[in-house]
Amino acid sequence: MKTLIASAALLIGGLFSAQASADSMECYVDTQAYDQFTPNRCFALVYGATTSTAVFRVVGNGSQIDSVIWSNAASSCGTSGTSCSFEIRAFRPYTAEATILYSNGSWSKVSATASFEDGR
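Residues numbered from 1 in each chain as written. Predicted model: local features only at pLDDT ≥ 70, side-chain atom pairs only at ≥ 80, totals over all residues. Heavy atoms only, no water.

Student: Quick question: what am I supposed to make of unusual backbone geometry here?
Tutor: Backbone geometry follows two general trends: most residues other than glycine have a negative phi, and most peptide bonds adopt the trans configuration. The backbone of N72 sits at a positive phi, close to 60°, despite the residue not being glycine. Within the secondary structure, N72 sits in strand β5 (residues 65–72). Overall, N72 belongs to the partly exposed group, its relative accessible area being 44%. For F91, which is not glycine, the phi dihedral falls at a positive 65°. Looking at the secondary structure, you find F91 in the loop between β6 (83–89) and β7 (94–102). (Helix = DSSP H or I, 4+ residues; strand = E, 2+ residues; numbered from the N terminus. Buried < 20%, exposed > 50% of the residue type's maximum accessible area, 1.4 Å probe, protein only.)

Student: Got a minute to help me understand the sheet that holds strand β4 (residues 51–59) in this structure?
Tutor: Strand pairing within a sheet occurs via backbone hydrogen bonds; the two strands may be parallel or antiparallel. With antiparallel pairing, four strands are arranged side by side in an open sheet as β2-β1-β4-β6. Two strands in the sheet have a free side with no partner beyond their single neighbour: β2 (38–39) and β6. Two elements, strand β1 (residues 24–29) and β2, share two bridges in a ladder whose sense is antiparallel. Bridged to E26 within β2 is P39. (Pairing = 2+ DSSP bridges.)

Student: Help me understand the packing of aromatic side chains, please; the structure alone is not making it clear to me.
Tutor: To describe a pair of aromatic rings, one takes the distance between the centres and the angle between the planes. Going through the model one piece at a time under the given rule, you end up with three aromatic pairs. With a centroid separation of 5.5 Å and 15° between ring planes, the pair formed by F56 and F86 is classed as stacked. With F56 in strand β4 and F86 in strand β6, the pair connects residues that are 30 residues apart, well separated along the chain. A single burial state applies to F56 and to F86, both of which are buried. Measuring from ring centre to ring centre gives 6.5 Å for F86 and Y94, while their planes differ by 65°; the resulting arrangement is edge-to-face. Each member of the pair, F86 together with Y94, is buried. (Phe/Tyr/Trp six-rings, centres within 6.5 Å; stacked < 30°, edge-to-face > 60°.)

Listed below in structure tokens is the structure:
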């Protein structure tokens with residue numbers, strides 16, 4: 001019985017650690033405050049601003065990232081590395097997408113959406 005419980009605990013622990021190292025994208029909208037990345041979606045209130053900077057970064061699965069190909073709203077970043085930033089306008093969502101290419105030949109697609117309002 002102890003062996004069965006220990007095996008179940010290892011299996012459950014392995015599932016949680018696999019999820020923690022999954023591919024994802026995080027972002028924040030630059031403000032006067034201390035900005036923190038959040039997974040999948042970010043939003044800010046930037047009083048009086050018509051534009052702001054959205055910052056995105058990919059989080060790999062633990063394997064060595066060979067390159068990142070940015071697309072959709074982030075297409076201007078090309079293959080600039082694991083982070084990308086560009087100017088966005090108020091009241092419009094911007095979805096950045098990226099294809100993560102790993103040195104072992106595997107790949108993954110991730111995305112995140114950034115938006116902000118100007119406090120009207």
